[in-house]
Amino acid sequence: MYLTLIRHAWLQFSRAHYFGRSLGVKAIIAFMALIFLIYLYALGGSLPWLLLRFFPQKTAVDALFSLLLYIYAADLLTRYFAQKLPRQMIRAYLPLPLPRPKLARFILLRSWLSIYNLYLFALLLPFFVRTLYIPVSPQAFWLAMLCCFLLGGLNHAIVIWLKSWPGVAPRLILGGVLILAHVVPGALLFPQEYMQFSEALGQAFVNAHPLAFALPLLAIAALQWLSHKGLKRTFYDWAAEDARPARTAKGGMAGLLSRLPHYGHLWALEWKLITRNKRARSNFVQFPLMLPLLLYLLYAADRESVVGFTPLIMMFLGSYGLYHLQFAFSWESGFADFLATRKISTTAMIRARYYFYAAMAWAQFLLLMPFILWLNPGIISLAAGLVLFVTGPVFAMLLHTGVANSTRIDPNGRSFMNTEGVSGRLFITVILVFLSIVPVYVIAFLLPLPYLYGISLTTGGAGMAFVLGSRRWTRATALRFDRNKYHQLNKYRQSQW
């Protein structure tokens, strides 16, 4: 039976629409994955120097071990929101008279073939090669790698157990408790003791202490057994999942937005799009988790080094709209025929969408402003200029080029590591977004001002010009959309799922 399931899994993969993508799109996806791995590998190679800079009284290995629980706490948080059970490949077997325990065991085995069990090794492998394999011993290197594998495996077992637990409320409560068990002592109450325990744990692995290996192995085995029991109970929930009606309440935020004049009804539709579609909703919920990284960058960077981080800071300050507007017109693919055959004000639709996501970015900036003033008040002008720059020329570029990027996407597909809708044109557009800051560097260098203030003034001035001229360029984008919408109908109607 297991061999048959494995064969079916390969057929499902090889017959999927993404398997037959064009060579160009495959090359782009492979290039992006390679760049990500290269960045991790390069960071791992320079990590000893960085750690010694922050922990000069420790060796690089001890410094990393003191942060080991923080690393895997972040890994647990990422898995909790992004890692999924392989449900789709097993749902077709549920109506058949097959043994449920065997199906559950197959899901558990299949779940271990996940990118989340591998990606951290691109960071840790070069680090341990430089700090343990060469200067200490190969045995210490392999023990450290086994330590990381067991900690990652424990996170994997925890997340699979939570995802297979019957009921949504207990799952959320258990996940919240596990995450807070790291956050509260590690970041708020006892950070020094937490780091000392983390360092002692890493040293126990390297010194081959039996309990250091036995306890994670026993915990993984127990969690996998609980997951096996939970999966057999949740099979019935999977079968009825698609039959549950969507909530269509008229109150809440959508009702409040619909009462606003002029663009209110369009903003209410945009809010419903975000909150009712799985893909858009997942991105919306996951985006705030990246904001602590922004605050850390602003805290750690001085006035000279912060300039090098401006593309990354720009991405965070653009808020949810910077990602969502990459597929600006693909969200309408489900009712493209309706738009093409009705007299709907495209200008009002595009303008309302721009105002909606620009307001979201500015609301986020206002919420972050007290933290920026507390952590690093010297760069508040740069942050304000970058918000103007993103909500001005960057959003304008995404909306204007998005007319040609439009393709049909599944709004209820998964959001993380999803390549659906990715094209060569979109890839070039995203590259241009990040390169758009280069002319700002040049102009700021020529201004008779300190470099940081020159960048702040240039980004703020360009952003203000596009914000004040938004009625003009949104009208031009709408005219382009109206000229192209009939040519896009064939692309919109193509089923991608």
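For the structure itself, look to the data block above.
Residues numbered from 1 in each chain as written. Predicted model: local features only at pLDDT ≥ 70, side-chain atom pairs only at ≥ 80, totals over all residues. Heavy atoms only, no water.

(A) The overall build of the protein chain, seen in detail. When helices and strands are tallied, the protein chain shows 24 helices and 0 strands. Here the protein chain, with 497 residues, has 46% of them falling under the buried criterion. Counting contacts in the protein chain only where the partners sit at least 6 residues apart, residues at least 24 apart contribute 78% of the total. For the protein chain, the computed accessible surface area is about 26,200 Å², with 71% contributed by carbon and sulfur atoms. (Helix = DSSP H or I, 4+ residues; strand = E, 2+ residues; numbered from the N terminus. Buried < 20%, exposed > 50% of the residue type's maximum accessible area, 1.4 Å probe, protein only. Contact = heavy atoms within 4.5 Å. Areas by Shrake-Rupley, 256 points an atom, 1.4 Å probe, with all protein chains shown as cover.)

(B) Fine view of the nonpolar core. Counting residues in each nonpolar core, the largest one holds 61 residues, and the members touching the most others are Leu294, Leu317, Tyr357, Val394, Phe395 and Leu399. Take this core: its biggest share by element is 12 residues, from helix H20 (residues 380-405). The contacts of phenylalanine 395, once residues within four sequence positions are left out, are Gly318, Gly321, Leu322, Leu325, Tyr354, Tyr357, Ala358 and Val390. Among the nonpolar cores identified, the runner-up in size contains 49 residues, and Leu132, Met145, Cys147 and Ile179 belong to it. (Core = buried A, V, L, I, M, F, W, Y, C linked by side-chain atoms within 4.5 Å.)

(C) Up close: the side chain of glutamine 364. With respect to the helices, strands and loops of the structure, glutamine 364 is situated in helix H19 (residues 346-375). The class for glutamine 364 is buried, based on a relative accessible area of 9%. Among the polar contacts made by the side chain of glutamine 364, one reaches the side chain of serine 319 at a distance of 3.0 Å. Glutamine 364 has contacts with Phe287, Leu291, Phe316, Leu317 and Ser319, leaving out every residue within four places of it along the chain. (Polar contact = N/O pair within 3.5 Å; in protein donor to acceptor, adjacent residues only side chain to side chain.)

(D) View of the packing of helix H8 (residues 138-163) against helix H10 (residues 191-206). Contact geometry of H8 with H10 gives a least axis separation of 8 Å together with a crossing angle of 125°. Viewed along their axes, H8 and H10 adopt a mutual orientation that is oblique. At the point where H8 passes H10, the crossing takes the right-handed sense. Contacts between H8 and H10 involve Ala140, Leu143, Ala144, Cys147, Leu150 and Leu151 from the former and Leu201, Phe205 and Val206 from the latter. Taken together, the residues of the contact of H8 with H10 sort by class into 9 nonpolar, no polar and no charged. (Axes fitted to C-alpha atoms, helices over the stretch in contact; angles between N-to-C directions. Parallel < 35°, antiparallel > 145°, perpendicular 65-115°, else oblique. Left-handed = near helix turned anticlockwise from the far one by under 90°. Nonpolar A, V, L, I, M, F, W, Y, C, P; charged D, E, K, R; others polar.)

(E) Highlighting the packing of aromatic side chains. Summed over the entire model, instances satisfying the criterion amount to 18 aromatic pairs. Ring geometry for tyrosine 133 versus phenylalanine 141: centroids 5.2 Å apart, planes at 90°, classification edge-to-face. With a relative accessible area of 38%, tyrosine 133 lands in the partly exposed category. The buried category is assigned to phenylalanine 141, whose relative accessible area is 4%. Judged by centre distance (6.2 Å) and plane angle (45°), the rings of tyrosine 320 and tyrosine 357 are tilted. Separated by 37 residues along the polypeptide, tyrosine 320 in helix H17 (residues 319-324) and tyrosine 357 in helix H19 bring together distant segments of the chain. Neither residue differs from the other here; tyrosine 320 and tyrosine 357 are each classed as buried. Every member of this aromatic cluster is reached through a ring pair, and the members are Tyr263, Trp267, Tyr354, Tyr355, Phe395 and Trp473. (Phe/Tyr/Trp six-rings, centres within 6.5 Å; stacked < 30°, edge-to-face > 60°.)

(F) Quick look at the pattern of salt bridges. Using the criterion set out here, one finds 3 salt bridges in the structure. Taking the shortest distance from any N to any O, the salt bridge between lysine 58 and glutamate 199 comes out at 3.2 Å. Separated by 141 residues along the polypeptide, lysine 58 in the loop between helix H2 (23-54) and helix H3 (60-66) and glutamate 199 in helix H10 bring together distant segments of the chain. Take lysine 58: its relative accessible area is 23%, and that puts it in the partly exposed class. By relative accessible area, which is 19% here, glutamate 199 ends up buried. The salt bridge partner of glutamate 270 is arginine 353, with a shortest N-O separation of 3.1 Å. Here the residue glutamate 270 occupies a position in helix H13 (residues 264-276), and arginine 353 occupies one in helix H19, the gap between them amounting to 83 residues. When sorted by exposure, glutamate 270 lands in the same class as arginine 353, which is buried. (Salt bridge = Lys/Arg side-chain N within 4 Å of Asp/Glu carboxyl O.)

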